[in-house]
Amino acid sequence: MRRALRELLTVLGLGLATTAGATSIPNDGDFSSIAQVLWGDPSHPAADLLVAQYDFVYGSTGGLLEIGISGPSGFSILFTSASGVIGYLPAANAIGPLNADLVDPSSSSSGAYAGEVAALALNVDFSDAGHLLRLPAVAFGDLVLVGFADALAPANGLSVRELLSIANEILGGGSSVLGISELYDIGEQVNSSFVNGVVSSWAQDHLRIPGTDGTVPEPGSLALLCLGLAGLGLSRRRRA
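Q: Got a minute to help me understand the packing of aromatic side chains in this structure?
A: Given two aromatic rings, one states the distance between the centres and the angle between the planes to describe the pair. On inspection of all chains with the given rule, the structure shows 7 aromatic pairs. A ring pair is formed by tyrosine 54 and tyrosine 58, whose centres lie 5.0 Å apart and whose planes are at 50 degrees; its orientation type is tilted.

Q: Help me out: how do you make sense of the nonpolar core in this one?
A: Membership of the largest hydrophobic core comes to 60 residues, with the highest contact counts inside it found for Trp39 and Leu145. When residues in this core are grouped by element, the largest group, 11 residues, is from helix α5 (residues 112-128). Ignoring anything within four residues of it in the chain, the contact list for leucine 145 reads Ala155, Asn156, Gly157, Leu158, Leu163, Ile186, Val190, Trp202, His206 and Leu207.

Q: In this structure, what is going on with the sheet that holds strand β3 (residues 102-103)? I would like to understand it.
A: Think of a sheet as strands paired side by side through backbone hydrogen bonds, with each pair either parallel or antiparallel. Ordered in space as β1-β2-β3, the 3 strands form an open sheet in which the pairing is mixed. The strands lining the two open edges of the sheet, one partner per strand, are β1 (65-68) and β3. In terms of strand pairing, β1 meets strand β2 (residues 76-79) through 4 bridges, oriented antiparallel. Each bridged residue has a counterpart across the sheet, and for leucine 65 the counterpart in β2 is phenylalanine 79. Along the sheet, α5 contacts β1 and β2; its crossing angle with β1, the most-contacted strand, is approximately 130 degrees.

Parameters at a glance
- Residues numbered from 1 in each chain as written.
- Predicted model: local features only at pLDDT ≥ 70, side-chain atom pairs only at ≥ 80, totals over all residues.
- Heavy atoms only, no water.
- Phe/Tyr/Trp six-rings, centres within 6.5 Å; stacked < 30°, edge-to-face > 60°.
- Core = buried A, V, L, I, M, F, W, Y, C linked by side-chain atoms within 4.5 Å.
- Buried < 20%, exposed > 50% of the residue type's maximum accessible area, 1.4 Å probe, protein only.
- Helix = DSSP H or I, 4+ residues; strand = E, 2+ residues; numbered from the N terminus.
- Contact = heavy atoms within 4.5 Å.
- Pairing = 2+ DSSP bridges.
- Axes fitted to C-alpha atoms, helices over the stretch in contact; angles between N-to-C directions.

It is worth stressing that arrangement in space is one thing and function is another; only the former is reported here.
The structure is reproduced here in structure tokens:
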């Protein structure tokens, strides 16, 4: 009964009254997220939510959702409506960076990678706008990545929001310590972390609620490095 109620509230963009409590590990009912295959399924409630709230969520950008690198320094995909997003998702085929600027495409050179980036952007933006299940003071994009080793270790300490920024940089043709394969794998897991408000085992291992010990995490060092490099590149282009 309680799980059925959570699923209904998730679809409506509402949440049960919950708090982070004494633990930093998310619990069932704390957050919801939507996988790219569900955002793009016209028969699923996620697509209904996208259609109903797209203009509200992206009203400040004139109804435009852009992923990748905006402007002349890289490539991006521009979605002009909910139907444009639904027509693109789920994206398939081999992953890679974009090789052209696109508007409401049905496919791209990025394959499934751009689909995960688009889904991640939707999850972050719809959570920020209060249309996905979330804690009162913590949005989906605020969750912090932990517990990675080897090639994935640079992701430790990043917020989901910072992960999205780096994923956009790589999508548009930029560079990062994290490769496109690593970003794709993490992005896919993050997007599927809280389907129907139920926390996945991956999320229990690798996502944490910030500030539960009274502190606010600093931005991940990798995100700061990418922002610094982006600023340097912009400065050079302006001087050119």
